[in-house]
Amino acid sequence: MEKQSEVKLFGTWSSGYCTRIKLALKLKGIPYEYVEEDLSNKSDLLIHHNPVHKKVPVLVHNGKAIAESLVILEYIDEHWNHTPKLLPEDPYERAKVRFWANFYDQKFKPSIYNIMTSKGKEQEKAIEDSREVLMVFEEGIERDFPAKSPFLNGGPLGFLDIVVGSSACNYKAMNEVVGVVVDPKKNPAFCYWMAAMKDCPLMKETLPPHDRLVAKMRSKFSLQPPKT
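As annotated in an unreviewed UniProt entry, the protein chain carries the name Glutathione S-transferase and comes from Vitis vinifera. Comment text from UniProt for the protein chain, heading Function (unreviewed entry), reads "Is involved in the conjugation of reduced glutathione to a wide number of exogenous and endogenous hydrophobic electrophiles." As stated in UniProt under Subcellular location (unreviewed entry), the record for the protein chain gives "Cytoplasm, Cytosol".

Scanning the protein chain from terminus to terminus reveals 10 helices and four strands. Each helix and strand of the protein chain, placed in order from N terminus to C terminus, yields the pattern β-α-β-α-β-β-α-α-α-α-α-α-α-α. Along the first, second and third principal axes, the C-alpha set of the protein chain runs to 55 × 45 × 30 Å. Per-residue burial for the protein chain yields a buried fraction of 49% across its 228 residues. Restricting the contact set of the protein chain to residue pairs at least 6 apart, pairs at least 24 apart contribute 70%. Summing over all exposed atoms, the protein chain offers an accessible surface of approximately 12,000 Å²; the carbon and sulfur share of this is 54%. Positive and negative charge centroids in the protein chain, built from 32 and 30 side chains respectively, lie 3 Å apart.

Judged by pairing direction, the sheet is mixed, and its four strands sit side by side in the order S2-S1-S3-S4 without closing on themselves. The open sheet has two edge strands with one neighbour each: strand S2 (33-36) and strand S4 (64-67). Strand-to-strand twist across the sheet, computed as the mean angle between neighbouring axes with direction ignored, equals 20 degrees. Here helix H1 (residues 16-28) sits on the sheet in contact with strand S1 (7-11), S2 and strand S3 (58-61), set at roughly 155 degrees to S1.

Another aspect to go through is the nonpolar core. Ranked by internal contacts, the top residues of the largest apolar core, which has 62 residues, are Phe137 and Val164. The element contributing the most residues to this core is helix H4 (residues 91-116), with nine residues. Each of domain 1 (7-79) and domain 2 (91-221) gives at least three residues to this core. Once you skip the residues sitting within four places of it in the chain, valine 164 turns out to touch Tyr104, Phe137, Cys169, Phe190, Trp193 and Met194. Grouped together as the second largest cluster of nonpolar side chains are six residues, Phe10, Cys18, Val56 and Val60 included.

With five of five residues buried, S1 lies mostly within the body of the structure. Across the two faces of S1 the burial is the same, with Val7, Leu9 and Gly11 and Lys8 and Phe10 all buried. Of the pairings in the sheet, the one linking S1 to S3 comprises four bridges and is antiparallel in character. Opposite valine 7, over in S3, you have histidine 61 as the bridge partner. Across four bridges, the pairing between S1 and S2 is parallel. The partner of lysine 8 across the bridge, within S2, is glutamate 33. Taken together, S1, H1 and S2 form a β-α-β motif whose crossover is right-handed.

Our focus in this paragraph is helix H7 (residues 171-178). Burial runs high along H7: six of the eight residues are buried. Looking at H7, one finds that the buried residues are Tyr171, Ala173, Met174, Asn175, Val177 and Val178. For H7, the secondary structure elements touched by its buried residues are H4, helix H5 (120-144), helix H6 (159-168), helix H8 (188-198) and helix H10 (210-221). In the segment just after H7, glycine 179 is the residue with positive phi, at about 105 degrees.

Attention shifts here to the pairing of S4. When S3 meets S4, the two strands line up antiparallel, connected through four bridges. Looking at the pairing, valine 58 lines up with alanine 67 of S4. With antiparallel pairing between neighbouring strands as the criterion, S3 and S4 make up a hairpin whose turn holds two residues, including asparagine 62 at a positive phi of roughly 50 degrees.

What counts, and where the lines are drawn
Residues numbered from 1 in each chain as written. Predicted model: local features only at pLDDT ≥ 70, side-chain atom pairs only at ≥ 80, totals over all residues. Heavy atoms only, no water. UniProt positions renumbered as here; feature names shortened; annotations may be inferred. Helix = DSSP H or I, 4+ residues; strand = E, 2+ residues; numbered from the N terminus. Buried < 20%, exposed > 50% of the residue type's maximum accessible area, 1.4 Å probe, protein only. Contact = heavy atoms within 4.5 Å. Areas by Shrake-Rupley, 256 points an atom, 1.4 Å probe, with all protein chains shown as cover. Lys, Arg positive; Asp, Glu negative; His and termini not counted. Charge placed at Lys NZ, Arg CZ, Asp CG, Glu CD. Pairing = 2+ DSSP bridges. Axes fitted to C-alpha atoms, helices over the stretch in contact; angles between N-to-C directions. Core = buried A, V, L, I, M, F, W, Y, C linked by side-chain atoms within 4.5 Å. Domains from an automatic or database assignment. Right-handed = clockwise from strand over helix to strand, strands pointing away.

What follows is the structure, encoded as structure tokens:
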């Protein structure tokens, strides 16, 4: 029988989606048990708790499982509704945060996957496409969240900071693997935001190590270092 723990997180160390949940739990001061999953040999417990997608992250709270990182973040913020709040109180501000979180997950992250899974001219095209998506994202963030530097909720890390920073703070690892995708000269506001978050002690202690992540990405996608 599975030992009942109030809060248990099933994840894998290299997943930005799982890092989101670690950040939110730590930010809220919620103790939790972490279960590292081998995605090449998924545990029966993971499949039991997430029979639909069979993916991480999965949060189990008092025996009840919640899947999908954005859903889990909202659950954490609603159930443990003490400060710091992840989402703004104002409905319009909250809607803008949700919009750009979905844009990031539905547009930018797939564009990165396309880069990782392509080669040659196809990869060059994928990099250009990703840069265009990032430009739209960067301009939208500057327009919808003006003067809220360094974090978008104007205080500690918030929902969108966590959604984006959990993976994008490691953009230098991606650049090292496939070549420059995120360029501080072309995306200064975005890179300033990432640098500010990476300086946050909570983010710094939670992100996966750079070198280990580079090795993982190269191994997963069978990539060689880019030519200089």
